[in-house]
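# Fold and contact review
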Amino acid sequence: MTPDELAIRKEMIATCHKMNAAGLNVGTAGNLSVRLPGGYLVTPTGVAYERMTPEQIVAMDFDDRYYGDFYPTSEWRFHSAILKARPDANVVLHSHALHCTMLASCRMDIPALHYGIAAVDGDIIKCSGYAPFGTPELSVEALPALEHRKACLLGNHGVIVLGPTIPKTFQLLQEVEFLAHHYIGTLMLGKGVMLSHDQMQVVLERYKTYGKQPGEFQRAEAPPEYQIIPPERGGDRLP
Ligand SMILES: [Zn+2]
């Protein structure tokens, strides 16, 4: 095992811990895979995250062979199928995040009620049909629900998110769970106002340059000279 691979294995375990600590998963229901040259690493089956060690992470190839002494998660089939079908994804993260799973049990898609849905590269998060966990049929359900997007709900089951790196994929899980929670809350308040296709196109365009904002700023030569107004003249009290 190279130092790079060991670092990835450690990051995978840390992400499982973070996912549970953030309330984005229950027990060991979640699982995570990361693409490597010629195959991928995936979390093992039946190992509590607190006891998981880097050696227990399972290396697999795309001929469905595993290496080492531990079995992969029972959901290795959809990890494999997604990594094969989606060269844009290096990381696949699955969890039973509560609000995502509530919507998944109602077989409800998440519509564009909040612009943040653009994080999945689309204006909807689709819910797949149901298939039993660990079966090839579940991959058949998940793949079309993920088409052109980086997340889907799994019917009566949970959620899958994809990304280029582990941190970005974890962040997307947080965002999708926010969107699910937000959608449920909006439904409870009444009828939300849907963003139009055109409005979402503007957001999707802006997301492509998010954090770069070309042409919106000019770099100043020196920091601004702030003028501090004393409290007696209506300014904030200084500490
Ligand atoms: Zn699951």
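Our subject is the structure listed above.
A quick note: this is a predicted structure, and the numbers were derived from the prediction, not measured.

Before going further, it helps to examine the overall build of the protein chain. If you tally the helices and strands in the protein chain, you get 6 helices and 7 strands. Starting at the N terminus and walking to the C terminus, you meet the elements of the protein chain as α-β-β-β-β-α-β-α-α-β-β-α-α. Here the protein chain holds 239 residues, and the buried ones make up 33% of them. Here the contacts in the protein chain between residues at least 6 apart in sequence split such that 63% fall between residues at least 24 apart.

Let us now look at the sheet that holds strand β6 (residues 151-154). With antiparallel pairing, 7 strands are arranged side by side in an open sheet as β4-β3-β2-β1-β5-β7-β6. In this open sheet, the two edge strands, each paired with only one partner strand, are β4 (66-67) and β6. Bridge count between β6 and strand β7 (residues 158-163): 4 bridges; the pairing is antiparallel. Within β7, the residue paired with Ala151 across the bridge is Val161. Sitting on the sheet, helix α1 (residues 3-21) is in contact with β1 (31-36), β2 (39-42) and β5 (91-95), with an inclination near 155° to β1. Strands β1, β5, β6 and β7 of the sheet are contacted by helix α5 (residues 166-189), whose axis makes an angle of about 140° with β7.

It is worth spelling out α1 at this point. If you check α1, its first and last C-alpha atoms are 27 Å apart, about what 19 residues at 1.5 Å a residue would give, namely 27 Å. Arg9, Met12, Ile13, Thr15, Cys16 and Met19 are the residues of α1 that are buried. Relative to the axis of α1, the buried residues are bounded by an arc of 150° and lie together on one face. Pointing more than 90 degrees away from the buried face of α1 are the exposed residues Pro3, Asp4, Ala7, His17 and Ala21. Phi turns positive, to about 70°, at Gly23, one or two residues after α1.

Within β7, 6 of the 6 residues are buried, which leaves it mostly tucked inside the rest of the structure. Residue alternation in β7 divides its side chains into two sets, Gly158, Ile160 and Leu162 and Val159, Val161 and Gly163, and both sets are buried. Bridge count for β5 against β7 is 5 bridges, and the pairing is antiparallel. From the neighbouring strand, Leu93 faces β7, where its bridge partner is Val161. Where β6 folds back onto β7 in an antiparallel hairpin, the turn is made up of 3 residues, including Asn156, whose phi is positive at roughly 55°.

On to the nonpolar core, then. The nonpolar side chains of a soluble globular protein tend to be buried with one another. Judged by nonpolar contacts, the single largest core of 50 residues is most densely connected at Ile125, Ala151, Leu153, Val159, Ile160, Val161 and Val176. Among the elements that line this core, the one with the most residues is α5, at 7 residues. Beyond its immediate sequence surroundings of up to four residues, Val176 is in contact with Cys100, Val120, Ile125, Ala151, Val159 and Val161.

This part takes up unusual backbone geometry. The phi dihedral of Arg107 falls on the positive side, at around 50°, and the residue is not glycine. Along the chain, Arg107 falls in the loop between α3 (98-105) and α4 (136-146). Judged by local crowding, Arg107 falls into the partly exposed class, with 13 C-beta atoms found within 10 Å. One non-glycine residue, His148, lies in positive phi territory at about 65°. On the secondary structure map, His148 appears in the loop between α4 and β6.

Both β1 and β2 contribute to a ladder of 4 bridges, which runs antiparallel. Across the sheet, the residue bridging to Val34 is Leu41, located in β2. Here β1 folds back onto β2 in antiparallel fashion, the turn holding 2 residues, of which Gly38 has a positive phi close to 85°. As judged from the 4 bridges shared by β2 and strand β3 (residues 58-61), these two strands associate in the antiparallel manner. The residue bridging Tyr40 from the neighbouring strand is Met60, located in β3.

Now for the environment of His96. By the element assignment, His96 lies in the loop between β5 and α3. Separated by 58 residues in sequence, His96 and Leu154 place their C-alpha atoms 9.4 Å apart. Setting aside its immediate chain neighbours within four residues, His96 contacts Asn25, Val26, Ala29, Gly30, Thr101 and Gly158.

Along the chain, the position of His79 falls in helix α2 (residues 76-85). Assessed through the 27 C-beta atoms surrounding it within 10 Å, His79 is described here as buried. With 108 residues separating them along the chain, His79 and Leu187 place their C-alpha atoms 32 Å apart. Leaving out residues up to four positions away in the same chain, His79 has contacts with Ser33, Tyr40, Val42 and Val92.

Scoring rules and cut-offs
- Residues numbered from 1 in each chain as written.
- Predicted model: local features only at pLDDT ≥ 70, side-chain atom pairs only at ≥ 80, totals over all residues.
- Helix = DSSP H or I, 4+ residues; strand = E, 2+ residues; numbered from the N terminus.
- Buried ≥ 20, exposed ≤ 12 C-beta atoms within 10 Å, placed from the backbone.
- Contact = placed C-beta atoms within 7 Å.
- Pairing = 2+ DSSP bridges.
- Axes fitted to C-alpha atoms, helices over the stretch in contact; angles between N-to-C directions.
- Expected span 1.5 Å × (residues − 1).
- Arc of directions from axis to C-beta.
- Core = buried A, V, L, I, M, F, W, Y, C linked by C-beta atoms within 7 Å.

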